[in-house]
Amino acid sequence: MSTKVMDCATCGQSFSSRNQLFKHLKELGHGVQIADGNNNSAADNSDKASITERGNEAYYKYYLQQKIINTEDTDAANEQLWKDVYDNLRSPLPITYRIQESSWVGGDFSANLLSLVAKDELQNWSMGGEDGAPKIRITMTKECHHFNRSRNENSNRDNKLSSILHSLQELGATYRQELVSAIPPLVLWSCGSNEKDERKEFIVDLCAAPGSKSLQLLDLLHSMNEKGGDANDIPNGLLVVNDSDRHRIITLCQRSRRVPRGPMLAINMDARYFPGIRRKSGYKQKYDKVLADVPCSGDGTSRKNKNVWNEWSIPQAMSLHKLQRKILRRGLELLRPGGLIVYSTCSLNPLENEAVVSSVIDDVGGTDKVKIVPLPPWLTTKFKAMKGLSTWLVPTSKYGKANKEEDVAFDMYECYADVPAKLKSGKITPSMFPLVSDLELKSQLQHCARFVPLKDSIDSGGFFVACLIRLKVGELGEKPKTDKKKSDDETKTDVSEPVKRARVSDDAQIQSFIEKDGSNAVSPTNELLREGDWICEVCDKLNFGRRDSRTCIGCKKRKPKTIDTEEKVKRQPLLKAPCNKNELDPFLDFFGISSSNSTFQNVRIIHRKRERTFVLVSAPVAALSISEQWGAFREAGISLITMPTIPSGEEESENPKHTDITTLFDEAVPLLALHAKKRHINISTISFQKALAQSIFEDLKKETAETERIKTTIDIPLTPLCGNGPWYESHEIATEPGVFIVSCACPLKGDVGRFSFWCRRHTDGSVTTETSSRVLAAMLVVVHTYLEVTPAEGERNNLKWMGVDD
């Protein structure tokens, strides 16, 4: 067995252990190359791998047989185009960042700063801006490589650009997102009403983590704000983000704290069983738009994930087919009549795309209940999108694998009747095949789009997008469960019996009152009717909860209650009612904010055992009837401050003390800086840089995981920036101890970048910065870069018009 020797790719020095090599890399910033004991170069695992290291013969042949490339007139031309697409899928992916227009820093400021720093290294893309669609700005590297993080002289420019992009993302001004990944939210927004400034938008992201599309939807919600208003104002909308993985939804919540997220409600549920949330009026919350970016095999991500070539297999796509169908079905159930759902995957496989869409539409009642909407022409034309397939083939699970005789199997079936009997009980199901009899559905499938990397079109990965609209009110159809021995033709002739619902004979009668708060429509028993209501078979009473049996809760047999001697703890409501005047006014007055300020009209309080958290939400979020005892709940809105719980029998103090505010959340600081007239100081950019440098210098003395991360990411020498004496001695800070906010403004090309952090003044007169060290480091990188690239000294210091103290 040969001993592995690791060589530095830059200087050629050899090391017998990883620790020695990593120490060498950290000190000199060189690259790495691993060789075996015979000095034969091993395969490079980085994203800079050559095209010859990527590829899969079965992958190539499978999609050639499926004919996913269908823009040319002849099969030969389409085959040649697929070869070009295949070569592009084997090449590395450029780094792409989307500008977050509604960020606290400012979208225009971020874009202008990047243009000054990057110069010729970045190219700018934009999507939308036509037919009433909002414009999405994206910047990407011209070369398809990851930034070199080493510290040698040849990579200084890469380091600077990488550092500013990373810092802007830490502040929520940009977000790393693949170009095609930004298409589904844009389609969801563009295919709806163009009068978005005059109506609310209720949106659900069923599979939200890691959060790039959710943050984009938040950005689009902020685009509803009236012209002339502040993009950071709380929009009159609702965005429910959900993911089944607890750790992933927590990560999403952490990322969303960097941006204005007043309309956001985060929950942790399986998307197949997404809950029916009630409004305070009693009606189920129905949604205008649903995004279902479902789990998939991900074979369209081969440019950024080289493992796709080795791990690609047909069984993976087959195993996800059932899950994808259930998620899409649940998404359709959540829509109001006329609502839209975008179904998307980062897979090219029709088993995960067209087969899912067509089979679910057939299950719910066909194109009379749900139809496929054409995507905007400006989008499909610009990116040369491939039309959806109306026919496709279904392979065996052994596709592309050698059998005992070493023959590679490439068997494909056109219809379920052709499948051998021994395979029908396996992974191949009727829902995977095209519906030959439904001609209307076959024609609508061409409205779907498959985005692939093409020359002079879209330099990204593969993606599938379909937009569906729910047409009618009432319960969606339910396909009956049939015996597996029945043929496919017999299955289609079966008719399902309607579920027993409220005493309404026709869906048309429901349409007159459904989705109208305060409706006076009643059932024959003088009870309010709502979509989804049902009648208990025992007591014949009307029920509106989620139905899991034929009887209501009151008629179920229950175990006898045990005697509980302990006093029951009263369940506190979450976002149930607005906080009273004695709770909210002292907080607003503490920062000099008027109680009539419209931004803070929907502040709610989440009660804990010893603390109260003030949360700012949008009006639709505040209208939901949910409890803090709900296990699926994670976060909602913008967390402002935490204060101690008021003991029973006492009232809130009219003049809160500095000790009352336990914590001021980092995500609330930019918002309060826009409105606070007390406990808030504006300082010049240079003074702000000094304050950041001194704060970070003190934080680096602590040995924590966060400070260790900062040491490896920040390349700015702190000592020259710290200056002489504490930064706060030269500014007028309130003598009363307590929290206060420090902010600055950076004008650039007609726009202003805003930065702020919060501090605490102690009784001895000292000041400590309480904002997270990571946020401080990111602000320092951006502000320092701004001061370096701004040509006019007077531009950054002439801030009198903004009321900034020099």
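What you see is a predicted model; the values in this text were computed from it and never measured.

### Let's talk about the overall build of the chain
- What the chain contains, in helices and strands, is 24 helices and 31 strands.
- Within the chain, the fraction of its 806 residues that count as buried is 52%.
- A fraction of 73% describes how many contacts in the chain between residues 6 or more apart in sequence connect residues 24 or more apart.
- Accessible area for the chain stands at about 38600 Å²; split by element, carbon and sulfur atoms hold 47% of it.

### A look at the pairing of strand 23 (residues 611-616)
- Counting buried residues in strand 23 gives five out of six residues, a clear majority hidden from the surface.
- As paired strands, strand 22 (residues 603-607) and strand 23 are joined by five bridges and run antiparallel to one another. Looking at strand 23, one finds that histidine 607 is bridged to arginine 612.
- The loop that links strand 22 with its antiparallel partner strand 23 comprises three residues.

### Regarding the nonpolar core
- Counting 80 residues, the largest nonpolar core has Tyr59, Trp82, Leu206, Leu265, Tyr287 and Val357 as the members making the most contacts within it.
- Of all the elements, helix 10 (residues 314-334) adds the most residues to this core, at six residues.
- Residues within four places of tryptophan 82 in sequence aside, it is in contact with Tyr59, Tyr60, Tyr63, Leu64, Ile68, Ile69 and Leu89.
- In terms of nonpolar packing, the next biggest core, distinct from the first, is built from 52 residues, Ala173, Ala693, Leu787 and Val789 among them.

### Description of the pattern of salt bridges
- Under the criterion given, the structure shown has 24 salt bridges.
- The closest approach of N and O atoms between arginine 137 and aspartate 108, which form a salt bridge, is 2.8 Å. Taken together, the residues arginine 137 in strand 6 (residues 136-141) and aspartate 108 in helix 4 (residues 107-118) connect sequence positions 29 residues apart.
- Given the relative accessible area of 22%, arginine 137 is considered partly exposed.
- Here lysine 701 ties to glutamate 698 by a salt bridge, and the two come within 3.3 Å at their closest N and O atoms.
- Through salt bridges with shared partners, a single ionic network connects Arg257, Arg261, Glu635 and Glu667.

### Section: the packing of aromatic side chains
- Taken as a whole and assessed by the stated rule, the structure comprises 23 aromatic pairs.
- Joined through ring pairs, the aromatic side chains of Tyr59, Tyr60, Tyr62, Tyr63, Trp82, Tyr86, Trp309, Trp312 and Tyr399 make up one cluster.
- It is lysine 424 that lies over the ring of tyrosine 416; its NZ or CZ is 4.8 Å from the centre.

### Topic: the sheet that holds strand 31 (residues 767-769)
- Spatial ordering of the open sheet is given by 28-29-30-31, a layout of four strands whose pairing is mixed. Looking at strand neighbours, the two that pair on one side only are strand 28 (680-682) and strand 31, the edges of this open sheet. Averaged over all pairs of adjacent strands, the angle between their axes in this sheet comes to 35 degrees, without regard to strand direction.
- The pairing of strand 28 with strand 29 (residues 738-748) spans three bridges and is parallel. Of the residues in strand 29, the one forming a bridge with histidine 680 is isoleucine 741.

### Examining the sheet that holds strand 26 (residues 638-644)
- Judged by pairing direction, the sheet is antiparallel, and its four strands sit side by side in the order 22-23-26-27 without closing on themselves. The open sheet has two free edges, formed respectively by strand 22 and strand 27 (663-664), since each of these has just one partner strand.
- Packed on one face of the sheet, helix 17 (residues 581-590) meets strand 22, strand 23 and strand 26 and runs near 75 degrees to strand 23.

### Structural notes on the confidence of the model for the chain
- In this model, the chain carries a mean pLDDT of 78, and residues with pLDDT of at least 70 account for 70%.
- Segment residues 194-198 is flagged for pLDDT under 50; beyond a separation of four residues in sequence, or across chains, it makes eight contacts in the model.
- For the stretch residues 558-573, pLDDT sits under 50, and the model shows seven contacts to residues farther than four places along the chain or on other chains.

### A short note on the packing of helix 4 against helix 23 (residues 773-789)
- One can describe the packing of helix 4 onto helix 23 by two numbers: an axis separation of 10 Å at closest approach and a directional angle of 60 degrees. With respect to helix 23, the element helix 4 is oriented oblique. The two elements helix 4 and helix 23 cross, and the hand of that crossing is left-handed. Contacts between helix 4 and helix 23 pair Phe109, Leu113, Leu116 and Val117 from the former with Val782, Thr785, Tyr786 and Val789 from the latter.

### Remarks on the side chain of asparagine 112
- Checked against the element boundaries, asparagine 112 lands in helix 4.
- Discounting chain neighbours no more than four positions away, the residues touching asparagine 112 are Leu748 and Lys749.

### Considering helix 23
- For helix 23, with 17 residues, the first-to-last C-alpha span of 24 Å sits near the 24 Å given by 1.5 Å per residue.
- The buried fraction of helix 23 is high, at 14 of 17 residues.

### A short note on the environment of isoleucine 267
- Within the secondary structure layout, isoleucine 267 lies in strand 10 (residues 264-267).
- For isoleucine 267, a relative accessible area of 0% translates into the label buried.
- Taking the C-alpha atoms as reference, isoleucine 267 lies 9.1 Å from arginine 246; in sequence the two are 21 residues apart.
- Contacts of isoleucine 267, omitting those with residues within four sequence positions, involve Val240, Val241, Asn242, Asp243, Ile249, Phe274, Pro275, Trp630, Ala632, Phe633 and Arg634.

### Here we look at the environment of lysine 677
- Mapped onto the secondary structure, lysine 677 falls in the loop between helix 19 (669-675) and strand 28.
- Along the backbone, lysine 677 and isoleucine 593 are 84 residues apart, and their C-alpha atoms lie at a distance of 6.6 Å.
- Excluding residues within four positions of it along the chain, lysine 677 makes contact with Phe591 and Gly592.

### Structural notes on unusual backbone geometry
- Note that the residue after alanine 209, namely proline 210, is joined by a cis bond; omega there is 10 degrees.
- Here proline 210 shows up in the loop between strand 8 (201-205) and helix 7 (212-222).
- One non-glycine residue, arginine 679, lies in the positive phi region at around 55 degrees.
- Assignment of secondary structure puts arginine 679 in the loop between helix 19 and strand 28.

### What about the environment of glutamate 729?
- Structurally, the position occupied by glutamate 729 is in the loop between helix 22 (719-722) and strand 29.
- In this structure, the C-alpha to C-alpha distance between glutamate 729 and serine 766, residues 37 residues apart in sequence, is 9.7 Å.

### Examining the packing of helix 10 against helix 11 (residues 354-363)
- Viewed as axis vectors pointing N to C, helix 10 and helix 11 meet at an angle of 50 degrees, and their least axial separation amounts to 9 Å. It follows from the interaxial angle that helix 10 and helix 11 lie oblique. The way helix 10 lies across helix 11 gives a crossing that is right-handed. Taken together, the residues of helix 11 that come into contact with helix 10 (itself represented by His321, Gln324, Arg325, Leu328, Arg329 and Leu332) are Ala355, Val356, Val357, Ser359, Val360 and Asp363.
- For the contact of helix 10 with helix 11, the residue count by class is six nonpolar, three polar and three charged.

What counts, and at which threshold
- Residues numbered from 1 in each chain as written.
- Predicted model: local features only at pLDDT ≥ 70, side-chain atom pairs only at ≥ 80, totals over all residues.
- Heavy atoms only, no water.
- Helix = DSSP H or I, 4+ residues; strand = E, 2+ residues; numbered from the N terminus.
- Buried < 20%, exposed > 50% of the residue type's maximum accessible area, 1.4 Å probe, protein only.
- Contact = heavy atoms within 4.5 Å.
- Areas by Shrake-Rupley, 256 points an atom, 1.4 Å probe, with all protein chains shown as cover.
- Pairing = 2+ DSSP bridges.
- Core = buried A, V, L, I, M, F, W, Y, C linked by side-chain atoms within 4.5 Å.
- Salt bridge = Lys/Arg side-chain N within 4 Å of Asp/Glu carboxyl O.
- Phe/Tyr/Trp six-rings, centres within 6.5 Å; stacked < 30°, edge-to-face > 60°.
- Lys NZ or Arg CZ within 6 Å of the ring centre and 35° of its normal.
- Axes fitted to C-alpha atoms, helices over the stretch in contact; angles between N-to-C directions.
- pLDDT = per-residue confidence, 0-100.
- Parallel < 35°, antiparallel > 145°, perpendicular 65-115°, else oblique.
- Left-handed = near helix turned anticlockwise from the far one by under 90°.
- Expected span 1.5 Å × (residues − 1).
- Nonpolar A, V, L, I, M, F, W, Y, C, P; charged D, E, K, R; others polar.

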